[in-house]
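Reading the structure
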Amino acid sequence: MELHTLVNVLPFAKIINDNGKIDIQSIEQDTRKVTNNTLFICIEGDKFDGHNFAHDAVKKGAVAVVANREIPDLRVPTIIVRDTKRAMAMLADVFYGHPSQQLFLIGVTGTNGKTSVSHIVDHIFNEAGKQTGLIGTLYTKIGEQKLETVNTTPDSITLQKTFQQMIQNGIDVVSMEVSSHALIQGRTWGCDYDVAVFTNLTQDHLDYHKTMDEYKKAKSLLFSQLGNQYSESRPKFAVLNGDDPVSDEYSRMTAANVITYGIESPSDVQAKNIRFTANGTSFDLETPVGHTTVETNLIGKFNVYNVLSAIAVGIAANLPIDTIVNSLRSFQSVPGRFELVKAGQSFPVIVDYAHTPDSLENVLQTVKSLSKDANIFCVVGCGGDRDRTKRPLMAQVACKYATNPIFTSDNPRTEDPKQILDDMVQGVIGLQYEVIQDRKEAIYHAIQHANNGDIVVIAGKGHEDYQIIGETKYDFDDRIVAKEAIEAKVANTIKKEEQ
Ligand SMILES: CC(=O)N[C@H]1[C@@H](OP(=O)(O)OP(=O)(O)OC[C@H]2O[C@@H](n3ccc(=O)[nH]c3=O)[C@H](O)[C@@H]2O)O[C@H](CO)[C@@H](O)[C@@H]1O[C@H](C)C(=O)N[C@@H](C)C(=O)N[C@H](CCC(=O)O)C(=O)O
Ligand SMILES: Nc1ncnc2c1ncn2[C@@H]1O[C@H](COP(=O)(O)OP(=O)(O)OP(=O)(O)O)[C@@H](O)[C@H]1O
Ligand SMILES: N[C@H](CCC[C@H](N)C(=O)O)C(=O)O
Ligand SMILES: [Mg+2]
């Protein structure tokens, strides 16, 4: 695309060193991705100032630069704008041909459940015969192809480029997770959502947002930015959790149609008579388009909320209710979410991604409801360089529900693992718990001491196949470590029996 055509979308932009027509073949905000004929955008970030990389970008092939000030000795055309992040989102949307307008785009935000809900939604549309794409914590999925992601919600260039790739691959429906960080940083500016979903709001990320109010405001942007163009052929919907008090505020902020879902409060999409069985959950469903029964393999009340929100998305997209409900029967699970590890042991071992006080409470409550008298071993830690104030709260939750809480390291990152554990322990002074800093040792310890009828929960890292200590990412997968621990225990038992 020609540089001036692109720059036309940036009101009041000034070009320094303009030297006529230039063909732009890619736009990038990271020098590590710059190639020939790139338009490089300088972003002032938390760690670096991209303006300091402009010369480097030109050396690598950048033919023009977007900046918020003149960069000394830079000889390529430089487009000066006040806000380079906003310019980046606009340029990305234009450069990739407004791809989100051609997709049925669903954004899911909330503290917990984004990955789960986006996967259930993806499954529903897939079963309804649509070609689907998914963007989130686990991966970017284009049809059957899975690509690794750095962030839950990518930067605006990566995002728009991914949408374009999806269109080229025949995708028509995309469900994506929208993090609060992404909303505040404008990574999703330019996204034309058809449906925006709110799961819930509880404590997390206060290291970044500072207060719950700021965190709530960040998430509200998905709803206030939801297009307010009324179109009969393409109405916009906000899908809100009727049992979360924050939904009232979000409802007032959006100009779109609102569908609520819930269990406790009267909602448009409502679950009644919830029945937890050995194989999953079933409930009576009431919706504006009909009443029916839902059966799912997923367990826990929190998963009823996840399923309800996904049903509401299906309804917003005009899918027949029977198609939605039938597809739910074949939805299995999400990797690392309540994932059972089986290696011949006589007690359940569950790996789960609960890394907030609320998610841990939901999972442990569910586990407790499975067997009232079981000893519950809960191996849990808290991430470093993240919200410190959730640490004592997570420890409290572990001690409230588990008979055997074991505090260990999650991803300590650049923090001292001992300090993180000390922060956790501050919440449970005088209560019973163990501290085993090494995660592998902690998992082995829990499995070694669990007996028939007990339950082991390994929380916090779910699908992660690494552990970040310092700045190094080591191979580490709770599911593999747990399996090895079980196998060691089973082998030992057999040996003892043979003696
Ligand atoms: C704090 C934060 O959110 N940082 C995000 C932010 O980085 P930043 O803009 O501050 O970038 P920076 O590293 O200071 O660099 C500034 C600029 O210099 C450029 N640069 C930098 C180095 C270099 O060699 N060359 C170069 O060009 C960078 O590409 C960037 O344009 O923008 C980047 C691009 O979008 C993100 O990858 C990065 O996420 C970091 C890795 C991160 O850890 N973020 C977490 C907190 C996060 O965003 N998490 C949420 C999920 C949370 C949840 O709900 O659970 C997520 O969406 O992933
Ligand atoms: N609706 C829910 N309410 C509360 N807790 C939930 C809910 N759904 C899932 N959980 C719990 O939260 C954990 C994380 O779920 P999931 O990965 O779906 O959330 P997420 O919002 O994508 O998280 P992240 O912000 O880290 O990407 C699960 O492992 C489970 O313990
Ligand atoms: N998206 C979350 C994931 C947390 C996962 C947990 N294992 C940790 O490292 O704290 C975050 O970046 O805060
Ligand atoms: Mg997620």
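Residues numbered from 1 in each chain as written. Chains lettered and ligands numbered in written order. Predicted model: local features only at pLDDT ≥ 70, side-chain atom pairs only at ≥ 80, totals over all residues.

1. Digging into unusual backbone geometry
Backbone geometry at Asn318 places phi at a positive 70 degrees, although glycine is not the residue there. You can see Asn318 is positioned in the loop between α10 (301–316) and α11 (321–329). The backbone phi angle of Phe338 is positive, close to 50 degrees, even though this residue is not glycine. For Phe338, the location among the structural elements is in the loop between α11 and β17 (339–340). (Helix = DSSP H or I, 4+ residues; strand = E, 2+ residues; numbered from the N terminus.)

2. Looking at the site of ligand 3
Every residue lining ligand 3 is accounted for by Thr152, His355, Gly383, Arg386, Asp410, Asn411, Gly460, Lys461 and Glu464. For the shell around ligand 3, the residue count by class is no nonpolar, five polar and four charged. (Near = placed C-beta within 6 Å. Nonpolar A, V, L, I, M, F, W, Y, C, P; charged D, E, K, R; others polar.)

3. A word on the confidence of the model for the protein chain
Overall, the predicted model of the protein chain reaches an average pLDDT of 96, with 100% of residues at or above 70. Across the interfaces of the predicted complex, the ipTM metric reaches 0.97, alongside a pTM of 0.95. (pLDDT = per-residue confidence, 0-100.)

4. Notes on the nonpolar core
Membership of the largest hydrophobic core comes to 139 residues, with the highest contact counts inside it found for Val239, Cys378 and Val457. Per-element accounting of this core gives the leading share, 11 residues, to α10. Excluding anything up to four places from it in sequence, Cys378 contacts Leu364, Ala398, Ala402, Pro405, Ile406, Val457 and Ala459. (Core = buried A, V, L, I, M, F, W, Y, C linked by C-beta atoms within 7 Å. Buried ≥ 20, exposed ≤ 12 C-beta atoms within 10 Å, placed from the backbone. Contact = placed C-beta atoms within 7 Å.)

5. Observations regarding the environment of Ala182
Residue position: Ala182 is located in helix α6 (residues 180–184). Exposure remark for Ala182: the 26 C-beta atoms within 10 Å place this residue in the buried category. Residues in contact with Ala182, not counting those within four places in the same chain, are Thr153, Arg187 and Thr188.

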